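Here is what each chain is made of, one letter per residue.
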Amino acid sequence: MSRRSAIAAAVLCTSLAAALSACVVLPVDPVTGRPYPVRQPDAYGQPAVMVVTPPAPTAGLPPQVSIIGARLYPLNPQANKGGLLTASVVDNNTGRGTFTLAYLGDNLQGESTRVDSSYAAFGRVHNEVLGYSPRNFSGRRGIANAFGSKGVNVQCEYVITGPGMGTGVCQFSDGAKYQMHFGA
């Protein structure tokens, strides 16, 4: 390498280092797309505390997703083999969502759908699980179905009676019958 090339390389490296040392990476607010403000330490050298409040929801945005947990309690000997189950409903607040639960070593996955009071089949699973009885369902009605890789499926009916609260029933294809409770 000639002396002239070595000097040119040194000048280039020095210029590049000086240029890059002026670069600063700032975290970007995902909502606004703008960098968060840089806060200087307070008078005691401690980092300043910055409270960031999320913006209020605006009209026209898609509905927020909510996750509702459910517990399924066994009602018959076949269900006792599975014991207490937990299920998760991911509610897209569009009338549809996903429904998942683990049963006897299998992960069942499916969907949940809200139905209105004119849905003629609602109440069938309640009758099969709890026995026929006239019932008055008050609240938002829904159905949920899921299927597992081992060939077991489940059909559920539920009524949401408050924010993230409600009850229902589930019947599994192997004969297990469960009562379902939503909420914390």
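Reading the values: rules and limits
- Residues numbered from 1 in each chain as written.
- Predicted model: local features only at pLDDT ≥ 70, side-chain atom pairs only at ≥ 80, totals over all residues.
- Heavy atoms only, no water.
- Helix = DSSP H or I, 4+ residues; strand = E, 2+ residues; numbered from the N terminus.
- Buried < 20%, exposed > 50% of the residue type's maximum accessible area, 1.4 Å probe, protein only.
- Contact = heavy atoms within 4.5 Å.
- Areas by Shrake-Rupley, 256 points an atom, 1.4 Å probe, with all protein chains shown as cover.
- Disulfide = S-S within 2.5 Å.
- Polar contact = N/O pair within 3.5 Å; in protein donor to acceptor, adjacent residues only side chain to side chain.

S.K.: Explain the overall build of the protein to me, please; I cannot follow it from the model alone.
M.R.: Looking only at helices and strands, one finds 3 helices and 8 strands in the protein. Overall, the protein shows an N-to-C arrangement of helices and strands of α-β-α-β-β-β-α-β-β-β-β. Looking at the protein as a whole, 27% of its 184 residues qualify as buried. Counting only contacts in the protein whose residues sit at least 6 apart along the sequence, the fraction spanning at least 24 positions is 44%. By element, 59% of the accessible surface of the protein is carried by carbon and sulfur atoms, the whole surface being about 12200 Å².

S.K.: I'm lost on the state of the cysteines in this one. Help?
M.R.: Should the sulfur atoms of two cysteines be covalently bonded, the bond is a disulfide. Counted under the stated rule, the structure contains 1 disulfide. Note that Cys-156 is cross-linked by a disulfide to Cys-170, the S-S spacing being 2.1 Å. The sign of the S-S torsion, about 110 degrees, decides the handedness of the disulfide formed by Cys-156 and Cys-170: right-handed. Taken together, the residues span a long stretch of sequence, with Cys-156 in strand S6 (residues 153–162) and Cys-170 in strand S7 (residues 165–172) at a distance of 14 residues. For Cys-156, a relative accessible area of 2% translates into the label buried. On the accessibility criterion, Cys-170 (0% relative accessible area) is buried.

S.K.: Looking at this structure, how should I read the environment of Asn-76?
M.R.: Positionally, Asn-76 belongs in the loop between strand S1 (66–74) and helix H2 (77–82). Beyond its immediate stretch of four places on either side in the chain, Asn-76 contacts Gly-175, Ala-176 and Lys-177. There is a polar contact of 2.8 Å between the side chain of Asn-76 and the backbone oxygen of Gly-175.

S.K.: I would appreciate a short explanation of the environment of Ala-70 in the present structure.
M.R.: Looking at where Ala-70 falls in the secondary structure, it is placed in strand S1. Through-space distance from the C-alpha of Ala-70 to that of Ala-87 is 5.0 Å; in sequence the pair is 17 residues apart. Ignoring anything within four residues of it in the chain, the contact list for Ala-70 reads Leu-85, Thr-86, Ala-87, Met-180, His-181 and Phe-182.

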